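Chains, contacts and geometry: an overview
For reference, the chains in residue letters:
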Amino acid sequence: MAHELTSPVRAPEDLHRARATGDGPGWWREAVIYQVYVRSFADSDGDGVGDLRGARERLPHLARLGADAVWLTPFYASPQADGGYDVADYRAVDPVFGDLADADDLVRTAHELGLRVIVDIVPNHTSDRHPWFREALDGSRRDRYHFRPGRGPDGSLPPNDWESVFGGPAWTRVADGAWYLHLFAPEQPDLNWENEEVRAEFESVMRFWLDLGVDGFRVDVAHGMVKAPGMPDIGHGEQARLIGTQQLPFFDQDGVHEIHRAWRRLLDTYGGERIGVAEAWAPSAERLALYVRPDELHQAFNFQFLNCPWDAAAMRRVIDDSLRATTSVGAPTTWVLSNHDVVRHTTRYGEGATGLRRARAAALLMLALPGSAYVYQGEELGLPEVTELPDEARQDPAFLRGEGQDGLRDGCRVPIPWTVDGPSYGFGPAGSWLPQPPSWRELSVQAQTGDPDSTLELYRGALALRREHPALGAGDTVEWLPAPDGVLAFRRRAKGAGAGPWQGDLVCTLNLGDRPVALRAPGSRVLLASTPAPAPEPGGQARDVTSLEGKVPPPARESAAGAVHGDEGRTVLLAAESCVWWAS
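Treat the numbers as computed from the prediction; the structure is a model and nothing was measured.

A few words now on the overall build of the protein. A count of helical and extended segments in the protein gives 16 helices and 21 strands. Residue burial in the protein is summarised as follows: out of 584 residues, 61% are buried. Of the contacts formed within the protein by residues at least 6 apart in sequence, a portion of 71% connects residues at least 24 apart. Accessible surface computed for the protein: about 21,400 Å², of which carbon and sulfur atoms make up 50%.

Pasting the structure below:
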């Protein structure tokens with residue numbers, strides 16, 4: 001695969017030695033972690049499906065972007081009933097993605113580029129092709145899963161009223177009349193975490209990958225392994241809509257925390273600050289914070305922020321609640337806008353230009369907040385959701401079953417474009433497993449590289465500034481500033497001397513309204529802006545803030561930056577649906 005789109009990256013000092021020193025607050029507290037959905041990132045062999053070799057060959061893109069780590073979705077041996085989240089062998093690589101040697105090569109290459117590697121672990125359920133479940137179907141060792149007799153005189157009714165997240169009942173009956181639990185697809189039977197063999201097996205699996213060199217795990221369905229005693233009925237339908245809004249008898253049970261404590265003890269036996277990240281849907285920021293107490297996992301995804309509407313009051317409330325909850329347990333907050341399970345935020349925030357404008361602004365907001373940030377592959381290109389996939393191309397089990405999740409996850413999993421031409425725009429030497437829109441050639445890495453107005457260069461500039469500015473990255477507070485209605489403004493205090501020209505505090509302003517807003521400039525100069533502002537209103541004195549400074553920070557724009565020194569306190573216009581970083 002050609003590499004002309006990724007320039008050489010200066011190798012860091014010995015990454016493992018840097019980890020071992022223990023200097024700093026913990027790398028995960030301010031890391032920018034890039035999510036690779038392996039099937040859709042890069043295809044090295046022309047079968048239309050992304051693989052580990054393809055991902056390894058594209059890692060320089062992540063290093064040039066400014067990411068600190070890469071998170072890889074499951075590449076384990078699997079029948080692929082749910083995109084690899086149905087694992088048949090946790091210690092093997094599925095042939096569609098490569099082999100163990102490819103996994104080892106990827107980890108080594110990432111470390112050479114200064115990138116840490118986080119892999120998925122899927123502990124709530126296995127594949128129905130897992131040897132354990134095959135044994136259970138034969139009638140032996142069913143205690144590793146949840147098998148129950150049915151209800152009714154002949155046992156023909158499910159054991160309770162639980163519904164699958166993907167739609168339909170959460171129970172399937174086997175040939176001898178017993179029922180087994182699957183909170184997701186029938187091909188994903190839930191494990192019984194009261195069984196000590198299950199716990200021992202997953203500790204062994206984690207050691208296998210830690211010994212190979214991975215830097216941590218993203219724990220799939222970290223809220224789901226423990227079920228309420230007696231598995232009580234819920235009493236009504238559409239249960240998938242309740243996830244993350246209230247505690248359910250199959251999710252967010254207190255017993256999961258004992259499991260996470262055991263895993264934290266295991267991780268702490270390894271050098272290099274290995275971490276655990278919870279994918280946990282909890283009904284409140286306070287419940288979510290329980291997953292990141294000092295003796296549990298290091299991070300938890302902040303879905304409250306991801307689900308927040310485009311509204312100033314709601315956004316401020318979510319930011320405050322998130323920071324307050326995680327600070328109370330001494331953990332960093334994480335911020336995420338998109339992932340492989342939700343509609344891309346470029347589309348979620350609105351259609352066309354409106355959605356892209358808001359997405360760019362939201363990215364600068366996210367990267368200005370204290371803590372760690374996650375970037376989903378393609379969001380740095382401004383990719384929208386693909387909403388017009390033909391039904392015959394869709395592979396999401398939620399789409400096929402209905403009544404559960406919206407079934408639109410395929411639209412955020414379309415392979416990303418690298419070049420302006422080729423059968424799959426550089427994704428691979430042939431086609432792609434999901435069709436790409438023709439318009440994506442204009443959104444490719446090749447098309448956007450070097451264009452100062454592109455979303456890709458905005459992300460590169462923002463991550464470069466975040467890495468060097470003393471006010472960005474780790475922390476647990478923001479200082480809210482007075483702002484007009486529909487505008488958020490906060491200051492990040494510098495933690496020390498910055499790198500290069502970066503000194504002092506930073507102010508972030510976000511105009512969520514659909515009109516420009518005038519305000520007193522909160523800083524001496526603009527460092528970065530998500531979009532050019534409109535011209536000043538006729539006859540007005542307000543200045544167009546983003547015309548004073550481009551979207552790429554110094555040193556590339558040092559002359560423009562110097563031209564606006566001393567403007568603090570002047571009246572300026574904030575463009576509609578835009579975010580600006582100011583030197584203060």
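Under the counting rule described, the total for this entry stands at 25 aromatic pairs. On the basis of an interplanar angle of 80° and a centroid distance of 5.6 Å, the ring pair of Trp480 and Phe490 is categorised as edge-to-face. Taken together, the residues Trp480 in strand β14 (residues 479–480) and Phe490 in strand β15 (residues 487–492) connect sequence positions 10 residues apart. Judged by its relative accessible area of 1%, Phe490 is buried. Put simply, the rings of Phe75, Tyr76, Tyr90, Trp193, Phe202, Phe208, Trp209 and Trp263 pair up and form one aromatic cluster. The ring of Trp433 is capped by Arg39, whose NZ or CZ atom sits 4.3 Å from the centre of that ring. The cationic tip of Arg58 hangs over the ring face of Trp418; the distance from NZ or CZ to the ring centre is 4.3 Å.

Before going further, it helps to examine the pairing of strand β9 (residues 216–219). The two faces of the sheet receive side chains in turn, since in a regular strand these alternate between them. Burial along β9 is two-sided: the residues Gly216 and Arg218 and Phe217 and Val219 are all buried. Looking at chain direction, strand β5 (residues 116–121) and β9 are connected through 4 bridges and run parallel. What sits directly across from Val119, in β9, is Phe217. For β9 and strand β10 (residues 275–278), the ladder comprises 4 bridges, and the chain directions are parallel.

Now for the sheet that holds strand β11 (residues 299–300). Taken in spatial order, the 8 strands make up an open sheet running β11-β10-β9-β5-β2-β1-β13-β12, and their pairing is parallel. Each end of this open sheet is capped by a strand with a single partner; those strands are β11 and β12 (334–336). Pairing geometry for β12 and strand β13 (residues 372–376), over 3 bridges, is parallel. Of the residues in β13, the one forming a bridge with Trp335 is Ala373.

Its 13 residues place the ends of helix α4 (residues 100–112) 19 Å apart at the C-alpha level, agreeing with the 18 Å of an ideal helix rising 1.5 Å per residue. Every buried residue of α4 is listed here: Asp102, Ala103, Leu106, Val107, Thr109, Ala110 and His111. Measuring from the side-chain oxygen of the N-cap residue of α4 to the backbone nitrogen of Ala101 gives 3.1 Å; that N-cap residue is Asp99. Following α4 by one or two positions, Gly114 has its phi on the positive side, about 85°.

With that out of the way, let us pick up the pattern of salt bridges. Close approach of charged atoms lets side chains of opposite charge pair. Overall, the coordinates contain 32 salt bridges when judged by the stated rule. A salt bridge links Asp82 to Arg409, with the nearest nitrogen and oxygen atoms 3.0 Å apart. Highlighted residues: Asp82 in the loop between β3 (76–77) and β4 (89–93) and Arg409 in the loop between α13 (397–401) and α14 (445–448), separated in sequence by 327 residues. Judged by relative accessible area, which is 5%, Asp82 ranks as buried. Of the charged contacts, one joins Asp341 and Arg409 as a salt bridge, the two residues approaching to 2.9 Å between their closest N and O atoms. Of this pair, Asp341 sits in the loop between β12 and α11 (345–348) while Arg409 sits in the loop between α13 and α14, and the two are 68 residues apart along the sequence. The exposure class of Asp341 is partly exposed, given its relative accessible area of 23%. We classify Arg409 as buried; its relative accessible area is 6%.

What follows concerns the side chain of Asp220. With respect to the helices, strands and loops of the structure, Asp220 is situated in the loop between β9 and α7 (256–268). Note on Asp220: relative accessible area 6%, which makes it buried. A distance of 2.9 Å separates polar atoms of two side chains, one belonging to Asp220 and the other to Arg218. Look past the residues within four positions of Asp220 in its chain and what remains in contact with it is Tyr85, Asp120, Ile121, Val122, Pro123, His125 and Glu279.

Turning our attention to the nonpolar core. Phe75 and Trp581 are the most contacted members of the largest nonpolar core, which has 149 residues in total. In terms of residue count, the dominant contributor to this core is helix α12 (residues 352–368) (8 residues). For Phe75, the residues in contact, after removing those within four places along its chain, are Leu52, Ala92, Val93, Asp94, Phe97, Ala103, Val119 and Trp209. Listed in part, the 18 residues of the second largest apolar core include Trp171, Met231, Leu248 and Phe251.

As a further point, take the confidence of the model for the protein. Considering every residue of the protein, the mean pLDDT works out to 88; 86% of them sit at 70 or more. In the predicted structure, residues 533–544 sits below a pLDDT of 50 and forms 25 contacts with residues beyond four places in sequence or in another chain. Below pLDDT 50 for its whole length, residues 546–566 participates in 46 contacts with residues either more than four positions away or in separate chains.

When you tally the buried positions in β5, you get 6 out of 6 residues, the bulk of the element. Neither face of β5 is left uncovered, since the one carrying Arg116, Ile118 and Asp120 and the one carrying Val117, Val119 and Ile121 both have all their residues buried. Two elements, strand β2 (residues 69–72) and β5, share 4 bridges in a ladder whose sense is parallel. Residue pairing in the sheet places Trp71 in a bridge with Ile118 of β5.

Criteria and cut-off values
- Residues numbered from 1 in each chain as written.
- Predicted model: local features only at pLDDT ≥ 70, side-chain atom pairs only at ≥ 80, totals over all residues.
- Heavy atoms only, no water.
- Helix = DSSP H or I, 4+ residues; strand = E, 2+ residues; numbered from the N terminus.
- Buried < 20%, exposed > 50% of the residue type's maximum accessible area, 1.4 Å probe, protein only.
- Contact = heavy atoms within 4.5 Å.
- Areas by Shrake-Rupley, 256 points an atom, 1.4 Å probe, with all protein chains shown as cover.
- Phe/Tyr/Trp six-rings, centres within 6.5 Å; stacked < 30°, edge-to-face > 60°.
- Lys NZ or Arg CZ within 6 Å of the ring centre and 35° of its normal.
- Pairing = 2+ DSSP bridges.
- Expected span 1.5 Å × (residues − 1).
- Polar contact = N/O pair within 3.5 Å; in protein donor to acceptor, adjacent residues only side chain to side chain.
- Salt bridge = Lys/Arg side-chain N within 4 Å of Asp/Glu carboxyl O.
- Core = buried A, V, L, I, M, F, W, Y, C linked by side-chain atoms within 4.5 Å.
- pLDDT = per-residue confidence, 0-100.

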